[in-house]
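Notes for the structure review
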Amino acid sequence: MTQTPQNPAPNPAAGNGSDRRGWPLWEVFVRARRGLAHQHVGSLHAPDAALALQNARDIYTRRSEGVSIWVVPSSAIVASSPQEKDSFFDPALDKAYRHPTFYDIPEGVEHL
Amino acid sequence: MSPPAVTSALSIAALPATAKYALALGDDALILGQRLGEWIADAPQLEEDLALANISLDLIGQARILLSYAGELEGAGHTEDDLAFWRDDNQFRNVHLVEQPNGDFAVTMARQLVFASYQYELYRALQDSGDEALAALAGKAFKEVSYHREHARTWVVRLGDGTEESHRRMQAGLEAVWPGVPELFEPDEVSLSLPSVAADPAGLEPHWARFVDGVLAEATLTRPTPRWRSRGGRSGLHTEHLGHLLAPMQHLHRSHPGASW
Amino acid sequence: MYGNHDTETALVPDEGDSERQAEFDALIADDQRIEPRDWMPDAYRRTLIRQVAQHAHSEIIGMQPEGNWITRAPSLRRKAILIAKVQDEGGHGLYLYSACETLGVDREDLLDRLHGGRQKYSSIFNYPALTWADVGAIGWLVDGAAIMNQVALCRCSYGPYARAMIRICKEESFHQRQGFEILHTLAHGTPAQKEMAQDAVNRFWAPALMMFGPPDDASPHSAQSMAWGIKRFSNDELRQRFVDMSVPQAEVLGLSLPDPDLRWNDERGHYDSGELDWDEFARVISGDGPCNAQRMSRRIRAHEDGAWVREAAQAYAAKQAARTLEVAAS
Ligand SMILES: [Fe+2]
Ligand SMILES: [Fe+2]
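So, here's what we can say about the structure.

Consecutive side chains of a regular strand alternate in pointing toward one face of the sheet and then the other. Residues and elements named next belong to chain A. When you tally the buried positions in strand 1 (residues 25-31), you get six out of seven residues, the bulk of the element. In the sheet, strand 1 pairs with strand 2 (residues 39-45) via six bridges, with the strands oriented antiparallel. Within strand 2, the residue paired with Val 30 across the bridge is Gln 39. The pairing of strand 1 with strand 3 (residues 68-73) spans six bridges and is antiparallel. Paired with Glu 27 across the strands is Val 72, a residue of strand 3.

Quick look at the packing of helix 8 (residues 191-210) of chain C against helix 10 (residues 235-253) of chain C now. Residues and elements named next belong to chain C. At a minimum axis distance of 9 Å, the contact between helix 8 and helix 10 shows a crossing angle of 150°. When helix 8 is examined against helix 10, the residues Trp 205, Leu 209 and Met 210 are found in contact with a partner set consisting of Arg 239, Phe 242, Val 243 and Ser 246. Class assignment for the residues of the contact of helix 8 with helix 10 results in five nonpolar, one polar and one charged.

Often, the extent of an interface is quoted as the loss of accessible area on bringing the components together. Of the residues lining the interface, 34 residues belong to chain C; the matching set on chain A comes to 36 residues. Around 3100 Å² of area is buried between chain C and chain A when both sides are counted, 52% of it from carbon and sulfur atoms. Linking chain C to chain A there are five salt bridges. For Glu 65 of chain A, the salt bridge goes to Arg 167 of chain C, with nearest N and O atoms at 3.9 Å. Counting every contact that joins chain C to chain A gives 10 residue pairs in polar contact (both at pLDDT 80 or more). The set of elements that each furnish at least two residues to the side of chain C that touches chain A consists of helix 4 (76-101), helix 5 (107-115), helix 7 (159-187) and helix 13 (307-329) of chain C. Broken down by element, the residue count for the side of chain C that touches chain A peaks at 11 residues, all from helix 13 of chain C. Classifying every residue of the side of chain C that touches chain A gives 13 nonpolar, seven polar and 14 charged.

Looking now at a nonpolar patch on the surface. Residues Tyr 97, Phe 102, Tyr 103, Ile 105, Val 109 and Leu 112 of chain A make up a contiguous nonpolar surface patch of about 660 Å² in total accessible area. Inspection of the secondary structure puts Val 109 of chain A in the segment after helix 2 (85-89).

The rules behind these values
- Residues numbered from 1 in each chain as written.
- Chains lettered and ligands numbered in written order.
- Predicted model: local features only at pLDDT ≥ 70, side-chain atom pairs only at ≥ 80, totals over all residues.
- Heavy atoms only, no water.
- Buried < 20%, exposed > 50% of the residue type's maximum accessible area, 1.4 Å probe, protein only.
- Helix = DSSP H or I, 4+ residues; strand = E, 2+ residues; numbered from the N terminus.
- Pairing = 2+ DSSP bridges.
- Axes fitted to C-alpha atoms, helices over the stretch in contact; angles between N-to-C directions.
- Contact = heavy atoms within 4.5 Å.
- Nonpolar A, V, L, I, M, F, W, Y, C, P; charged D, E, K, R; others polar.
- Buried area = accessible area lost by both parts, 1.4 Å probe.
- Salt bridge = Lys/Arg side-chain N within 4 Å of Asp/Glu carboxyl O.
- Polar contact = N/O pair within 3.5 Å; in protein donor to acceptor, adjacent residues only side chain to side chain.
- Patch = residues over 30% accessible without salt bridge, like charges linked within 9 Å, V, L, I, M, F, W, Y side chains within 5 Å.
- Areas by Shrake-Rupley, 256 points an atom, 1.4 Å probe, with all protein chains shown as cover.

So far we have only geometry, and geometry alone does not tell us how the molecule works.
In structure tokens, the structure reads:
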């Protein structure tokens, strides 16, 4: 068997990196019913993807909360930084013309 | 206070064959559900407490349906609780495998692999039973045990092909439960007398073996060849373990005859 | 799902702190939620870690007293309900550990702290569940008190904690009801059953009231937690609410509450109740309760007995990952 390389690309087993003890952390997304998007519901620990999925089923759908589950290694998530939030999100604030309520429509016009 | 009139009247021998059959399957589910319930709060990881609880709940659900049905077929007014709490060990019809103590996690997973794979074949076959109630139960339970089987497979493979210690324990777990395997597939009087209702136990074995052998191979484990095998569960002859399991299970209920809970 | 796992960096103070502190204060003042990757004062983070972890520990230790009745439940229906209930508590522990992990700690570390006695759990679980009626009393009073606390926490300023609480509160609603139903059945059953129910309420009433924490004038962390929006109501406020809610329920049960000073006060519009034994509270919290040692040793044993399983699963995952790479490379 070869050595595990330094930086294996898709290696959920490596989880959150070697600094974390125990099983890696996974984020769980559940589709509540057909027609809805998967929504983040929480996280769990599992040694690998198959068990993460099984655990997610046992933990997050005990009351038939879902019809489909995604699990994602927490370490695979790249998040925007709160420090950059001004440059990231503020520029959208002054573009009210993107919203339908920006426009005045003469009274009596329908289906618009 | 007098004990409920119904309890003393239960005679297994006098039950209609389908009731006996339902009782045997229900006892398997009840006793294993009780065993798995012992794990809750002691599992290797919190996530696994939840998984074992789910499996236990499914089994107790199956037991309730099957025992209620047996009582209904008997027609003497016995409820699921009368049957669960007022029978002595020699009136239980479960196989020995399910009454075995939990042991370590490997023993429990070995038992789960053997038994869930058996129930998988059993309920798959029973979906075509000529008895409508059993066929309906099998349809529901088949989905449940498919998950139990997958859960067991996942763990047996990880423990078998994990560390040296886990491999050793997993192999020991298999050795511990394997004497209980032949009893699962042994043709018994009750199922033989119900050709259009019951699943033929012997007929389930080849499918069971194909799946289980595949799992063992993937897990780098060896199928045990025990020198002895269990006998007698289906006719009421049990191991010493069953009495110890029933004592706490039945104690409270029996201490208050006729009470409702 | 907070990504990048750099929460540690937020712990390092730098010149920008006063500016960030102002931003944080503004969010709190505006009743907004703080999210994991936001800057937050060190003390806020520490307070939350302590509180959320203790809450999580309470959920999993709480599985023990009730779990000890799973094998003995007096009917199959009750057995199934109890398994589902105890399982839910495990789930709550899980949601809370997850919330706590967003603050930059690992569950393993939190468990170490629990096992080493450096973090505590709710003192109520150091009392024994001696009879089946205790399962009823725990559901009615202990879950009832927990719900009262938890509903208040659904508006906690820390987003992941508040969201965990919302999920937990949804699940809790059946816990209190099943407990009430058990007691109601017993109280209307045989004389022996009724006696069992009364005895359980007698033992659990005062410890349940103490779950809300020390009186406001003796609660060291309360003021700061209120200012941070971690806590929304004071200990005494919640305790009063719980008493007011429970008295009429006890009447429906036909059981008495073990407090000779319990009576309606027209002037206050609330029930007055007797002094609680805070010395006992302090004693039990500090380790000298009937079940402290038992609960901890069982928890530690389960964890230690499971170590080889957790290691095996990790070893298998590493082998599989290596195999995948080998296949990819060939
Ligand atoms: Fe809870
Ligand atoms: Fe609860």
